[in-house]
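# Working through the structure, step by step
Chain by chain, the residues run as shown.
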Amino acid sequence: MTAPLQGKVVAVAGATGVAGRATLRRLAADGATVIAAGSDARRLDAALDAVRASVPGATVSGQVIDLLDPQEVHDWADHLEAEHGQVDGLLHLVGGWRGSKTFFDTRIDDWDWLHDRVVRTLQHTSLAFQPALLRSAAGRYAMVSATAAHRPTAGGAAYAAAKAASEAWTLSLADSFRRETTAGDGTPTAAAAILVIKALVTPEMRANKPDAAFDGFTDTSDLADTLAGLWTRPAAELNGQHLWLTAR
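Overview of the structure. (Residues numbered from 1 in each chain as written. Predicted model: local features only at pLDDT ≥ 70, side-chain atom pairs only at ≥ 80, totals over all residues. Heavy atoms only, no water.)

## Examining empty space enclosed by the protein
Remark: the empty space left among the atoms is shown by a probe the size of a water molecule rolled over them. What counts is decided by this rule: A pocket, in this scheme, is an open set of points on a 1 Å grid over the protein atoms alone with protein on both sides within 12 Å along at least 5 of 7 lines, while a cavity is a set where a 1.4 Å probe fits but cannot get out; residues line either one if an atom lies within 4 Å of a point. Grid points are joined across faces, edges and corners, and a volume is the space filled by probe spheres set on the points. Only runs of H or I of at least four residues qualify as helices and only runs of E of at least two qualify as strands under DSSP, and these elements are numbered from the N terminus.
Within this structure, the stated rule accounts for one cavity of 30 Å³ or more. Volume-wise, the largest cavity comes out at about 30 Å³. Looking at the largest cavity, the residues that line it are H92, V94, V118, L122, M143, V144, K163 and S166. Secondary structure elements with two or more residues in the lining of the largest cavity: α4 (108–135), β5 (140–146) and α5 (157–179).

## Looking at the pairing of strand β1 (residues 9–13)
To be explicit about the condition: Under the scheme applied here, a residue whose accessible area is under 20% of the maximum for its type counts as buried, over 50% as exposed, and between as partly exposed, the area being computed with a 1.4 Å probe on protein chains only. At least two bridges found by DSSP between two strands is the condition for calling them paired. Seen with the strands pointing away from the viewer, any crossover whose path from the first strand over the helix to the second strand runs clockwise is right-handed.
Across the five residues that make up β1, a large majority, five, are buried. Pairing analysis gives five bridges linking β1 to strand β2 (residues 33–38), with the strands arranged parallel. Bridge pairing in β2 links V10 to V34. Assessed by its sense of winding, the connection that carries the chain from β1 through helix α1 (residues 18–29) to β2 is right-handed. Direction of pairing for β1 relative to strand β4 (residues 89–92): parallel, over a ladder of four bridges. Following the sheet pairing, A11 is matched in β4 by L90.

## Points about the packing of aromatic side chains
To be explicit about the condition: Working definition: rings of Phe, Tyr and Trp (its six-membered ring) pair if their centres are within 6.5 Å, and the pair is stacked with planes under 30 degrees apart, edge-to-face with planes over 60 apart, and tilted otherwise.
All told, the structure shown has three aromatic pairs when counted by the stated rule. Taking 5.1 Å as the distance between ring centres and 80 degrees as the angle between the ring planes, the aromatic pair formed by W76 and F129 counts as edge-to-face. Within this pair, whereas W76 is found in helix α3 (residues 70–84), its partner F129 is found in helix α4, the two being separated by 53 residues in sequence. One exposure class covers both W76 and F129, and it is buried.

## Concerning the packing of α1 against helix α2 (residues 41–54)
Short version of the rule: Axis definition: a line fit to C-alpha positions, over the contact stretch in the case of helices; interaxial angles, taken between N-to-C directions, run 0 to 180 degrees. For any helix crossing, the convention is left-handed if the near helix is rotated counterclockwise from the far helix by under a right angle, and right-handed if that rotation is clockwise. Whether two residues are in contact is decided by their heavy atoms, any of which lying within 4.5 Å being enough. Each residue is assigned to one of three groups, with Ala, Val, Leu, Ile, Met, Phe, Trp, Tyr, Cys and Pro labelled nonpolar, Asp, Glu, Lys and Arg labelled charged, and all others, Gly among them, labelled polar.
Packing of α1 against α2 brings their axes to within 9 Å, and their N-to-C directions diverge by 40 degrees. α1 and α2 meet at a crossing whose hand is right-handed. Here R21, L24, R25 and A28 of α1 come into contact with α2, specifically with R43, A47, V51 and S54. A breakdown of the residues in the contact of α1 with α2 according to their chemical character gives four nonpolar, one polar and three charged.

If you want it as structure tokens, here you go:
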């Protein structure tokens, strides 16, 4: 049988986190050519080694990228398209959280940190990869958001605002895909989607706390399955959608 993602070229930003590592494995197992990006060379090498060990024959490579450098991200996108002839996906899995006990205790430097890590990196990857994703026969862009963007808490103002801003930016990207489709018959070919979670849980976390309920948490494997499944759905159905992986 042909692997479901055979022939697809997918880049993963934030590949060394728990979401990124699970997603690399799933994409590689489904036959995609996977390019992982991270900011730390040793963590990136460890993530790639883990994929190769668990998925024999995986087509996976890595690149140390400063996602806060817009020119570096643009150059990365251009290089990938030139090397592979296409880029079919950019999965933006850069995470991070900061917050406080009360609204009054909110620190503006937490917002500054989250703005750079959560918002700015997403702006750079979306701007850099949008043209290539439009040129793909099945371009997909996805980000992972949080229920906090829809139900902000008093101490989570900075985090909720950063996630909400990232969602709005991604919806603008989705509108660009809607307006700039490249199919000759007008059928949309590219889509941007927002995956919404409360928090993530890994097999290691469950093993370390076997009695914990992790209520509302999303398993990293389920997140990876949803991301890999983006190419099984028509772009017109997927574009601009919130995919809830936890209770609303």
